[in-house]
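Each chain is listed here by its residues.
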Amino acid sequence: MGIARLATGRGSELALIDAATGTWQRTGLSGDASWLTRTPLDDAPIRAARAEKIEHALLLPPVVPQTIVGVGLNYRAHAAEQGLVLPTEPRIFLKNARSLAAPFADLPLHPASPHLDYEAELGIVIGRDIFDVTPAEAEAAIAGWVIMQDYTLRDLVRPETLPLGKGGPAMAPLGPWLTPVSKLPIAHACQLGVRCWVNGELRQDASTADMHFGPVDLVHYIARYIALGPGDVIATGSPGGSGVGLSPPRWLAPGDIVETEIVSLGRLRQRVIEPE
């Protein structure tokens, strides 16, 4: 069972997702940016309407983060394909929260660079305010999981330009819904298949078991330095198979369809379009 935000004529509404049947149940509860702080993640006390078929076009990002934290080189295979050594501490960067996009939104090609790449990632959703916490407090702060596609301009992946290479419009689609940690415990989240297709061609096919630093380690490390709060997202890094690792590299182009799936969490889909 997941919790989604869907667009309505009045704003947004929360819905309970049954991925097995492809249906949702509208709750009538507002899905504004603060919903994590006022709505129980256990779906039992939520009154829901009858089941309806999921309308993917209405799905919004399930949370609205103030902070999106990215993690670099956190998959062994991804480091290996670039000939890089795994870091001794997490490599952290901030991704522009204005890059947030719906899980089925179009992705405009960035006008500054043609080197647009894809990176399928497991996202950790934070459920409470934390800063300078213990490992146990870091673990307790994990509200659930989402998929994030961390689109990147590869020619700008340098320390001084990394925020520019990851911060364009719609370069952080999120969703398709939040899967609460009560439904998918941390240990299970570290054993999920991660896949990405471009135009039907399987490019990334790995498991979160290949992560170098796990979810609790990442939350604990990051919260030593920056404050995190409800709805914030940590993108935990991407496995091998992104365009930069192919020979020759293959960049996304208008008309391409990118589909990202994490087993038990759902699927995202973007169509690359010309910039407006």
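One structure accompanies this document, and this report is about it. (Residues numbered from 1 in each chain as written. Predicted model: local features only at pLDDT ≥ 70, side-chain atom pairs only at ≥ 80, totals over all residues. Heavy atoms only, no water.)

1. Topic: the pattern of salt bridges
Phase 1: Applying the stated criterion across every chain yields a total of 17 salt bridges.
Phase 2: Salt-bridge contacts for Arg38 lead to Asp32; the nearest nitrogen and oxygen are separated by 3.0 Å.
Phase 3: With a relative accessible area of 38%, Arg38 lands in the partly exposed category.
Phase 4: Residue Asp32 is classed as partly exposed on the basis of its relative accessible area, which comes to 33%.
Phase 5: Two residues, Lys166 and Asp150, come together in a salt bridge whose shortest N-O distance is 2.6 Å. In this pair, Lys166 sits in helix 4 (residues 162-166) while Asp150 sits in the loop between strand 12 (142-149) and strand 13 (152-153), placing the two residues 16 residues apart along the sequence. Across the pair, Asp150 and Lys166 agree in class, each one buried.
Phase 6: Through salt bridges with shared partners, a single ionic network connects Lys95, Asp117, Glu119, Asp150, Arg154 and Lys166. (Salt bridge = Lys/Arg side-chain N within 4 Å of Asp/Glu carboxyl O. Buried < 20%, exposed > 50% of the residue type's maximum accessible area, 1.4 Å probe, protein only. Helix = DSSP H or I, 4+ residues; strand = E, 2+ residues; numbered from the N terminus.)

2. Concerning helix 6 (residues 215-223)
Phase 1: In terms of burial, helix 6 is largely enclosed, as seven of its nine residues are buried.
Phase 2: Those residues of helix 6 lying buried are Pro215, Val216, Leu218, Val219, Tyr221, Ile222 and Ala223.

3. Thoughts on unusual backbone geometry
Phase 1: For the bond running from Gly175 to Pro176, omega is -5°, close enough to zero to count as cis.
Phase 2: Looking at the secondary structure, you find Pro176 in strand 14 (residues 172-180).
Phase 3: Between Ser247 and the following residue, Pro248, the backbone shows a cis peptide bond with an omega angle of -5°.
Phase 4: Assignment of secondary structure puts Pro248 in the loop between strand 17 (233-235) and strand 18 (257-262).
Phase 5: Despite not being glycine, Asp132 shows a phi value in the positive range, around 55°.
Phase 6: Its location among the elements puts Asp132 in the loop between strand 11 (120-126) and helix 3 (135-140).
Phase 7: Judged by its relative accessible area of 57%, Asp132 is exposed.

4. Observations regarding the sheet that holds strand 16 (residues 201-207)
Phase 1: Spatial ordering of the open sheet is given by 9-19-18-15-16, a layout of five strands whose pairing is mixed. Across the chains shown, the open sheet's two edge strands, defined by having one partner strand only, are strand 9 (107-108) and strand 16.
Phase 2: Here strand 15 (residues 193-198) runs beside strand 16; their pairing, made up of six bridges, is antiparallel. From the neighbouring strand, Cys196 faces strand 16, where its bridge partner is Gln204. (Pairing = 2+ DSSP bridges.)

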